[in-house]
Amino acid sequence: MSFLSDGFLYLSLPRFPRRAGWLYEEKELHLRTKILKTRKAILKKHDSMMKETAFTVKHIALGAKMHEFAGYNMPIEYPTGITEEHLCVRNGVGVFDVSHMGEFWVKGPKALDFLQRITSNNVAALAVGKVQYTCFPNGRGGIVDDLLVYRYEEEKYLLVVNAANIEKDWAWCQAHNSFAAELENASDHMAQLAVQGPRATELLQSLTDLPLSEIPYYSFRTGRFAGVDEVILSNTGYTAAGGFELYFYPEYADRIWTALFEAGEAYGLKPIGLGARDTLRLEAGFCLYGNDIDDTTSPIEAGLGWITKFVEGKDFIDRPFLEKQKAEGVARRLMRFELVERGIPRQGYEICNAEGGCIGRVTSGTLVPGTKKGIGMGYVATEYAQTGGSIYISIRNKKLEARIVK
Amino acid sequence: MNIPENLKYTKEHEWIRSEGEIAYVGITDYAQSELGEIVFVEVETVGEKLASGDVFGTIEAVKTVSDLFLPVDGEVLEVNADLEDKPELVNEDPYGKGWLVKIALSDAAQLNNLLSAADYKALIAANV
């Protein structure tokens, strides 16, 4: 799910010389002094235009480092820092404010036809109460966005899209709604918290009578939670640490947050920022729209063939092109890798073969808090794209060996 | 924000402490708090003579990479070896155990061109 928006990068204020990475663009190195003042002016102006989630005030009160992300004023990390937050989710339980995500309802007798046309996965196979990971192919072989589809009722679906793409996705859905399915953009009327970690279910169960252990992965139930009705409890997440994502009306945000932290004290519950959200998703090997997939990468290249279903009767956007790609193969593939040597791969670094020739580029990378392993992903020429194979990441003046992993 | 009086500073948020012809260089308390947890320090210029403003190494936080600039002309004599296993020393003690490199000054008079504690304090006040 999305993390990066162009706006975020462009408006970030370089208060310290930075060269690459997630918060700051490479070109900033050259620009930084000259435009520092301009940036500051823009940022100040932008501050007043930034959207807030129902929890923004709480993040600030907790001392979080706040930053613009996808138009929202979001917590990047809390005072304890990314490492502790990362480990808290891996070993205990943490809560992320993900209210910036977009939500669209698709309703009516034509909802299924519309979704079968616009998404790559087979929505006909999705039962009520189940969730599906999918993408919008863009008609040019790339991806408009990746998203979750919830079959909420027989003829009512909920789409959860990346915050940075809400406007683009909404325009895309409307432009391709020749079926006249009923569409509603509920993004401003839904708050979302992700409660993640091995102890998440236990904590959440203490606040609801819904039998959470009976909700399998990629399934959801709606019911009463912390005294609030109509809360969607979805066994999904972006961490591979277990846990649920909760959707509710923003007016109950206070009540739910307070209940979570009261009950969470016994479990060591901590708030987690977008920084650890990124290290956790990278460790889990999940793609991030804007980094690893975008309008120029095909789902087949990105290893998303498993959500691209060429089933009978599903005439989705780009089907002929993607079917051809799948049959004939692609020239590059998105692969995950771990550095064998000490170092940290970053977005934009070259991937080389043993002879030093360029065979691809890193799309995401980090040092994993805890294990301190340098990991990443990137597009690699298909002849080198084999699990267990050696590639070399060009980091400054060195080529560091990395192993391709599943 | 801790800004010791006895050090000289740069606009790039480095500090320098001279002891005769020798000096120690690190990043400021403000810089470390802005960067967040430091996870990697790489200096491969030991033995090299560099000019002021030259990049002598890089410092990496979980999410960012930053170049390190030498405040004055000099030869890089030594890198703080403790940082290899404990880069977090830069966060914990930026002016002490978290020093980055030891250099031989080419011209000690250049120190006079750098920012005083008061100058540096004004600089970061303008940034915040």
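Residues numbered from 1 in each chain as written. Chains lettered and ligands numbered in written order. Predicted model: local features only at pLDDT ≥ 70, side-chain atom pairs only at ≥ 80, totals over all residues. Heavy atoms only, no water.

1. Re the overall build of chain A
1) Next: Check the secondary structure of chain A and you find ten helices and 20 strands.
2) Next: Of all 406 residues assigned to chain A, the portion counted as buried reaches 59%.
3) Next: Across chain A, contacts joining residues at least 24 apart in sequence account for 65% of those joining residues at least 6 apart.
4) Next: Here chain A has roughly 16300 Å² of accessible surface; of this, 51% comes from carbon and sulfur atoms. (Helix = DSSP H or I, 4+ residues; strand = E, 2+ residues; numbered from the N terminus. Buried < 20%, exposed > 50% of the residue type's maximum accessible area, 1.4 Å probe, protein only. Contact = heavy atoms within 4.5 Å. Areas by Shrake-Rupley, 256 points an atom, 1.4 Å probe, with all protein chains shown as cover.)

2. Thoughts on the pairing of strand β20 (residues 398-405) of chain A
All names here are of chain A.
1) Next: Strand direction decides the pairing type here: strand β15 (residues 332-339) and β20, joined by four bridges, are antiparallel. Across the sheet, the residue bridging to Glu 338 is Arg 403, located in β20.
2) Next: In terms of strand pairing, strand β19 (residues 390-395) meets β20 through six bridges, oriented antiparallel. Among the inter-strand pairings, Ile 395 is bridged to a residue of β20, identified as Lys 398. (Pairing = 2+ DSSP bridges.)

3. Observations concerning the sheet that holds β15 of chain A
Residues and elements named next belong to chain A.
1) Next: Overall, antiparallel pairing links the six strands, which are arranged β15-β18-β17-β16-β19-β20 in a closed barrel. With direction set aside, neighbouring strand axes in the sheet form an average angle of 45°.
2) Next: Two elements, strand β17 (residues 358-367) and strand β18 (residues 374-381), share seven bridges in a ladder whose sense is antiparallel. By the bridge assignment for β18, Leu 367 is matched with Gly 374.
3) Next: Most of the contacts of helix α9 (residues 274-284) go to β17, to which it runs at about 130°, and overall it touches β15, β17 and β18. (Axes fitted to C-alpha atoms, helices over the stretch in contact; angles between N-to-C directions.)

4. Remarks on the side chain of Thr 239 of chain A
All names here are of chain A.
1) Next: Structurally, Thr 239 can be placed in the loop between β12 (228-234) and β13 (243-248).
2) Next: With relative accessibility at 1%, the residue Thr 239 sits in the buried group.
3) Next: A distance of 3.1 Å separates the side chain of Thr 239 from the backbone nitrogen of Ala 241, its partner in a polar contact.
4) Next: Each residue touching Thr 239, except ones within four places of it in the same chain, is listed here: Val 89, Arg 90, Phe 96, Gln 196, Leu 280, Ala 284 and Phe 286. (Polar contact = N/O pair within 3.5 Å; in protein donor to acceptor, adjacent residues only side chain to side chain.)

5. Some remarks on the nonpolar core
1) Next: Phe 96, Leu 148, Tyr 150, Leu 158, Val 160, Ile 293 and Leu 304 of chain A are the most contacted members of the largest nonpolar core, which totals 44 residues.
2) Next: Elements with a contribution of two residues or more to this core: α4 (82-91), β6 (131-137), β7 (143-153), β8 (156-161), α9 and β18 of chain A together with β4 (38-42) of chain B.
3) Next: Counting residues per element, this core draws most heavily on β7 of chain A, at four residues.
4) Next: Leaving out residues up to four positions away in the same chain, Tyr 150 of chain A has contacts with Leu 126, Lys 130, Val 131, Lys 156, Tyr 157, Leu 158, Val 160, Phe 220, Ser 234, Thr 236, Glu 245 and Tyr 247 of chain A.
5) Next: In this structure, Val 95, Leu 203, Ala 253 and Leu 269 of chain A belong to the second largest nonpolar core, which totals 29 residues. (Core = buried A, V, L, I, M, F, W, Y, C linked by side-chain atoms within 4.5 Å.)

6. Some words on the confidence of the model for chain A
1) Next: Per-residue pLDDT for chain A averages 90, and the proportion of residues at 70 or more is 88%.
2) Next: In the predicted structure, residues 1-45 of chain A sits below a pLDDT of 50 and forms 122 contacts with residues beyond four places in sequence or in another chain. (pLDDT = per-residue confidence, 0-100.)

7. Some words on unusual backbone geometry
Residues and elements named next belong to chain A.
1) Next: Look at Ala 226: it is not a glycine, yet its phi comes out positive at around 50°.
2) Next: Within the secondary structure layout, Ala 226 lies in the loop between β11 (220-225) and β12.
3) Next: Its relative accessible area of 15% is what places Ala 226 among the buried residues.
4) Next: Despite not being glycine, Ala 240 shows a phi value in the positive range, around 60°.
5) Next: With respect to the helices and strands, Ala 240 occurs in the loop between β12 and β13.

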